[in-house]
Amino acid sequence: MSGAAISVRARAGGVLRDMLARPSGAIGLFLVTFHLALAILSPWVVPYDYKAMDATGTLAGPSAAHWLGTDHLGRDVLTRVMLGGREALLITGIATPVALVWGGLAGVWLGLRGGWPDEVAMRLVDAFLALPGILPLLVLITVFGTGGEVLLPTLAFFFGIPVIRVARAAAHEVVARDFISAARARGHRPLDIVRREILPNVTDTLLVEGAMRWSWMLLGFSALSFLGFGVSPPRPDWGLMVSDARVYMSLAPLGVIAPVVALSTLIIGINLTADALAKTLGLDRARKAVI
Amino acid sequence: MTAQPPLIDISGLRVGFRGRSGAMLPVLHEVDLAVRRGESVGIVGESGSGKSTLALAAMGYLRHGLARLDGVARFDGQDMFALAQPELARIRGGKLGLIPQNSGQALTPTQRIGAQIAESLRLHCDHDPASHRDRACDLLAQVRLPDPDTILRRYPHELSGGQQQRVAIAMALAGEPEALLLDEPTTGLDVTTQAHILALLRGLARERDMAMVYVSHDLGVIAQVCDRVHVLYAGETVLAGPARAVLTTPAHPYASALLAAIPGLGDRALPRALEGRPPTPDMARTGCAFAPRCGLATDDCRAAAPPMASTPDGQRARCLYPDKVAPPAASQGDRPATAADGPPLLTTQALSVRYDSPGLLARLRGRSRAPATVAGIDLALRRGETLGLVGESGSGKSTILRAIAGLLPPAGGQIGLADGTDLATAAERRRPETLRRIQMIFQNPDESLNPRQTVGDILAQPLRLYFGLRGQPCRDRAADLLETVRLGAHYLDRLPGQLSGGEKQRVAVARAFAAGPEAVLCDEITSALDVSVQAAVLELLNDLKARHGTGFVFVSHDLTVVRALSDRVAVLYQGRICEAGPTDAVFAPPHHPYTDVLLGAVLAPDPDHAPRLLAEDAAELSPPARGCPFQRRCPVKCGTICETDTPPARETADGHVIRCHIPLADLRGRETGQTAS
Amino acid sequence: MLGMIARRFALGLVTVWLVSVIIFLGVEALPGDACTAILERDAHGEALAACREAMGLDTPALARYAEWAAGVVQGEFGMSAGGQESIAQMVGYRVRNSLLLAAGALAVGIPLAITLGVVAGLARDRWPDLLFSTGAILAMTIPEFVAATVLILVFAIWLGWVPAIVLTPADAPPLEFFPEFILASTVLTMLMIAHVMRMIRASVIEAMASEYVQMATLKGVPYWRIVFRHALPNALLPAINVIALTVAWLLGGVVVVEVVFNYPGLGRLLVDAISERDLPVVQAVTMIVAATYVGVNLVADILSLALNPRLRSHRARQA
């Protein structure tokens, strides 16, 4: 047992190392890192312009010029697949932390506050959760348009609501413990108690929850694009590509398979990472003492 | 000495688990245990000694992660680790029964009691299934549970701790066992309940000629029930022998130190503390495991592990110098620092606290309110004095502390400091200076320290809040505080998860003293600690009290600890004071009937001392609406006046107050309980 | 216990009422209304005012809400934006179709999920567990539209068992859209099993590691009896709530699947209505779905109360 200072950075380093030691963690982190790198670097690496239409061959199969063939407008599938995650990752990558922060803080505060503000808020949360998932998004987008400036706040707001539940439950668990009573007895201000005592104990749960939220949000984003409510053409997006290409599935299946594989590998990566994170932080099952 | 082989015969057992580095870390080192039919053997040890592991191994069971490295565990001649599952299942719960530590968790929550007992009957008896119900009722009657029919229909969570434990005993008896393994079965139970259950077990063992293996950390319990004793230390048997010999003249220094660390109801002295920690499984050991902490250790002890040596009185000790071990009575602790006189520092008058608040519906219906959880509490704490609050579960002692600390709102009465500061306000609304003067330490050190903060951070909280210290001055002060609780400055950067229970509690003490308080509220702070660690903490508190003149309000269910530390004592039952006054006076007759019951139930590590069971072991949910709080269980209730009128406060010659309807002369004349020996 | 049920019921009603308010306010807050949608570019001046008066949109919001709410309670949802169809009529058959879909998925999925989850939990870290768990993770990561598309690729295009694109009216008898029904419910079932199975697996693992299972082992109870009489009853209790959440998800995820398969259900109707800005229909469908969700949760809560002894007893003591 080392007596070395345990700073946040050191702890994060330790957690990362433990995660990489697990096969699920290693694969997951690799996939996520790969996709992030792809999203960042792809504009400089792609062979073609995503809009460029090759008049010579639409729905062509794989060839030396087009490794994954072309779509119904003659655009290079490989290019569009490589670029297809950028918008999704950008928007969800910002919306997820925002959802986590607002949902997490609201949930923790409610867990502490209790009483009737808590009751009222939970009824509201239940009511919002009762709405069929995709609906509010569809409605807002229909009215306000499909730009990122609409998608981002919408996603952040609606995906933050389930986080309130999780954060509240975690806060409840922490508040019952004596070190909170000790802090109250010393007379610390409630805000200080939240900041110093409660939040550090709740962040683990929120991190795992955040990873899961991110994968949900990506799926939701792709579904929106698929339905035509997300990214607008001609910009490339995996969901949109599947929607366009499915009509021609029998002729050029790669147009569907490629974006599917891309999206699936990213989601699998995130889920595996979340799984490994949960196991490393000891959140999947309480460990009993051996002796 | 019969030639019969022992019923339970464990020899050379080595058990270990695979550590993080991959190495096999041993938990039990070649332990032997032999129990004959009808014999009761106690296994004594502190946490981490491996005693539970040993007892369960007798059933051929090891907890997940443990593996048997060597040795045999036989029951009735059969090797339990080699038996096939069906055979094993036949013996377990049948001829060899187990009473678990926490019956509340060990009974299946979704099955009724009747179903669970019937299951045992079905598995281990040949009787006609139709007769199961009657047999179950019979078993419940044997464990002295009233109203067996109702209990059979209940679910485990609907019973009290004592009732659950009795059900577990009944379930084990259903298999008509020849031997019983008891894994700390009275831990967590009230003192009086514990005394009843032990008496029951003793009676059953005698009637049925059952062998018993009794695991406990409590030597008082062992003294009650066992003929022979095994003492385990860090996974090794260090001492084995007849109970009387081991408890009076132990032949091993560890056993002697353990006995000296137990506070007794006798002379008012602090128990002797044992410094240091037992070795953990990952530490390599050469020589005697106890050598680092032993006053008799020589280089020979440290060089090679001592073999077992026999003594004339029938003990076997793993020690090179068994005849040099000082008897426990010879090592007396210090007398506690005596109080300074003066005006009271902290007082409460007629304090009452409620937990319930009736909902709107109940109020509309005009239902009268339930009696307050705690009522009529008059306390006074003087500077430098330790006031003990003693009582069992439901006595409201923790509630009173929380009200004083401002964590619970008082429903009535007053709490105040000497200079007139009113403490009846919530902690959030008190001034920092007021808060600083009263600090609180909690029971469970695992819970009262934030697992994500380093020790330095934890100590910095009060320093920053009350004195505005930051940075290096803060750290320096924190290091000083650690010194006063005898922890080195290198602990500053450790997380609570890296500390032992005793070390964590010391940090909690340091944190309380960081504020420089005038009064410290201690809520069962030693109840979760091993005996030797408890002694160290008590010594520490005494030291701090002598140095700073701090007053303590010390809450505990353990009479002996309260006696050792307190200047004045108040005995509580169901949230009301029964008796209060200077410690010596309260512990000497005359007693309130409840104090009598409590004193009678105290166990001493002395085989000649038997507890007296004076009242029924019934758990009460709430105090009675009127009259004396003890009316429902009092063995000397004098009539309906106890149910209608609040008992008057009667003052004795030596300055303590008893609240009872029975006049003092009559109380004095009764056969009184535990006198100072 | 009756008191607890009554309380849950009341809370459920409050939630449904809140949903209706949220929906109404949400729609109100949107720029434009039914009239701007109908008149489009002509939506200004006289024509707009006349339209609003005709549609009753000039009365204050509170009155309109009250009227609408009263109607909903009686099952009267008003007319669609075009003023042509009674919403109640439109919705009726589609409710039936969507319920069929959900019921089909549940009937197959729940028993299968429970079985797989229990097997995976009992065989922890051995091959059945690894197989099922990995399968579950894979199934969870594939979006519904992808799974749906792939199924069409396989069954409609490659195998030709079902026609690829079919337009069945909503009120057609179920047999006519049976192929879509099978495909759609397969997708939903797959995804549902993945989620429920993982939760049940975790629950089973926790139950098997509990102290009462250890005690039962040491009491000599045979393994399978422990599993069925001691562990599973405790492990499956949380499953009730999980299943309720899954039903909620089914009602939501149905949208995408119905679109892909052209299934004549509520989800399809919803998406069309949103595209056409037919807000009354949107309001109505959302209310129905939300009310169903609350109702399902209520049933789950009541079942939990009934089956979990610890929640029932007012005399419960702390252990």
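Residues numbered from 1 in each chain as written. Chains lettered and ligands numbered in written order. Predicted model: local features only at pLDDT ≥ 70, side-chain atom pairs only at ≥ 80, totals over all residues.

In terms of regular secondary structure, chain A is built from ten helices and zero strands. In chain A, the order of α-helices and β-strands from amino to carboxyl end is α-α-α-α-α-α-α-α-α-α. Its C-alpha atoms give chain A principal-axis dimensions of about 80 × 50 × 30 Å. With 291 residues in all, chain A has 49% of them scored as buried. Long-range pairs, those at least 24 residues apart, make up 71% of the contacts in chain A with a sequence separation of at least 6. (Helix = DSSP H or I, 4+ residues; strand = E, 2+ residues; numbered from the N terminus. Buried ≥ 20, exposed ≤ 12 C-beta atoms within 10 Å, placed from the backbone. Contact = placed C-beta atoms within 7 Å.)

Let us look at the overall build of chain C. When its secondary structure is counted, chain C shows 14 helices and zero strands. In chain C, which comprises 319 residues, the share counted as buried stands at 44%.

What follows covers the pairing of strand β18 (residues 519-523) of chain B. All names here are of chain B. Counting buried residues in β18 gives five out of five residues, a clear majority hidden from the surface. A two-sided burial pattern is seen for β18, the buried positions comprising A519, L521 and D523 on one face and V520 and C522 on the other. Handedness of the crossover is the feature at issue here: the chain leaves β18, passes through helix α20 (residues 531-548), returns alongside strand β19 (residues 551-556), and the resulting connection is right-handed. (Right-handed = clockwise from strand over helix to strand, strands pointing away.)

With that settled, the discussion passes to the sheet that holds strand β4 (residues 66-75) of chain B. Residues and elements named next belong to chain B. The antiparallel open sheet is built from four strands, whose spatial order is β2-β1-β4-β5. Each having just a single partner strand, β2 (24-35) and β5 (78-79) make up the two edges of the open sheet. In terms of strand pairing, strand β1 (residues 8-18) meets β4 through eight bridges, oriented antiparallel. Residue pairing in the sheet places D9 in a bridge with R74 of β4. (Pairing = 2+ DSSP bridges.)

Many structure descriptions define interface size as the accessible area lost when the parts assemble. Between chain C and chain A, the contact holds 35 residues from the first and 33 residues from the second. When contributions to the side of chain C that touches chain A are tallied by element, the ones reaching two or more residues are α1 (2-29), α6 (127-141), α7 (144-158), α8 (178-208), α11 (237-261), α12 (266-275) and α13 (279-307) of chain C. For the side of chain C that touches chain A, the class distribution of residues is 27 nonpolar, six polar and two charged. (Nonpolar A, V, L, I, M, F, W, Y, C, P; charged D, E, K, R; others polar.)

What follows concerns unusual backbone geometry. Residue and element names in this part refer to chain B. Even without being a glycine, R486 presents a positive backbone phi close to 60°. With respect to the helices, strands and loops of the structure, R486 is situated in the loop between α18 (471-484) and α19 (501-514). If you check the backbone angles, E524 has positive phi at about 50° while not being a glycine. As for its position among the elements, E524 is in the loop between β18 and α20.

Another point: the packing of helix α10 (residues 254-280) of chain A against α6 of chain C. A pair of packed helices is characterised by two quantities: the angle between their axes and the separation of those axes. Following both chains from N to C, one finds α10 of chain A and α6 of chain C inclined at 125°, their axes separated by 9 Å at the closest point. Regarding the angle of α10 of chain A to α6 of chain C, the classification is oblique. The crossing of α10 of chain A and α6 of chain C is right-handed. Listed contacts from α6 of chain C to S264, I267, I268 and N271 of chain A of α10 of chain A are I137, M140 and T141 of chain C. (Axes fitted to C-alpha atoms, helices over the stretch in contact; angles between N-to-C directions. Parallel < 35°, antiparallel > 145°, perpendicular 65-115°, else oblique. Left-handed = near helix turned anticlockwise from the far one by under 90°.)

This next bit is on the sheet that holds strand β12 (residues 316-317) of chain B. Sheet strands pair by backbone hydrogen bonding; their relative direction is either parallel or antiparallel. Residue and element names in this part refer to chain B. With mixed pairing, the eight strands of this open sheet are ordered in space as β6-β7-β8-β3-β9-β10-β12-β11. The strands lining the two open edges of the sheet, one partner per strand, are β6 (96-99) and β11 (309-310). Both strand β7 (residues 179-183) and strand β8 (residues 211-216) contribute to a ladder of five bridges, which runs parallel. The residue bridging L181 from the neighbouring strand is V213, located in β8.

Below, the discussion takes up the nonpolar core. In this structure, A58, V213 and V553 of chain B are the most contacted members of the largest nonpolar core, which totals 382 residues. Among the elements that make up this core, the one with the highest residue count is α8 of chain C (17 residues). Once you skip the residues sitting within four places of it in the chain, A58 of chain B turns out to touch I8, I10, A73, F75, L181 and V213 of chain B. (Core = buried A, V, L, I, M, F, W, Y, C linked by C-beta atoms within 7 Å.)

All names here are of chain C. Averaged over every residue, the pLDDT of chain C is 78; the share at 70 or more is 84%. Between the elements of chain C, mean pLDDT differs from a low of 65, seen in helix α2 (residues 34-39), to a high of 93, seen in helix α9 (residues 211-218). Note that residues 314-319 has pLDDT below 50 and, in this model, ten contacts with residues that lie over four places away or in other chains. Here the predicted complex scores 0.82 on pTM and 0.82 on ipTM. (pLDDT = per-residue confidence, 0-100.)

Residues and elements named next belong to chain A. Residues at a pLDDT of 70 or more form 94% of chain A, whose mean pLDDT is 82. Looking at the elements of chain A, mean pLDDT is at its lowest for helix α5 (residues 135-144), recorded as 75, and at its highest for helix α7 (residues 178-186), recorded as 90. The low-confidence segment residues 285-291 (pLDDT under 50) makes eleven contacts with residues lying over four places distant or belonging to another chain.

Between chain B and chain C, the residue contacts involve 25 residues of the former and 19 residues of the latter. Per element, the largest residue contribution to the side of chain B that touches chain C is four residues, and it comes from helix α4 (residues 113-124) of chain B. Grouping the constituent residues of the side of chain B that touches chain C by class yields ten nonpolar, eleven polar and four charged.

Residues and elements named next belong to chain C. In terms of residue burial, α12 counts as a mostly covered element, since eight of its ten residues are buried. The set of residues buried in α12 consists of L266, G267, R268, L269, L270, V271, A273 and I274. Count one or two residues on from α12 and you reach R277, which has phi positive near 55°.

The end-to-end C-alpha distance of helix α17 (residues 455-467) of chain B is 18 Å, a good match for the 18 Å that 13 residues give at a rise of 1.5 Å each. Residues of α17 of chain B that are buried make contact with α7 of chain A together with α15 (432-437), α18 and α19 of chain B. Following α17 of chain B by one or two positions, G468 of chain B has its phi on the positive side, about 65°. (Expected span 1.5 Å × (residues − 1).)

This next bit is on the packing of α5 of chain A against helix α6 (residues 148-175) of chain A. All names here are of chain A. Running from N to C, α5 and α6 cross one another at 160°; their axes reach a closest spacing of 10 Å. Between α5 and α6, the angle is such that the two are roughly antiparallel. The two elements α5 and α6 cross, and the hand of that crossing is right-handed. Mapping the contact onto sequence places P136, L137, L140, I141 and F144 in α5 and V150, T154 and F158 in α6. Within the contact of α5 with α6, the residues separate by chemical class into seven nonpolar, one polar and no charged.

This paragraph deals with the environment of P496 of chain B. All names here are of chain B. With respect to the secondary-structure elements, P496 resides in the loop between α18 and α19. What makes P496 buried here is the crowd of 22 C-beta atoms within 10 Å. Taking the C-alpha atoms as reference, P496 lies 17 Å from T526; in sequence the two are 30 residues apart.

Along the chain, T280 of chain A falls in helix α10. If we ignore the near neighbours within four places in the chain, the residues touching T280 of chain A are V15, D18 and M19 of chain A.

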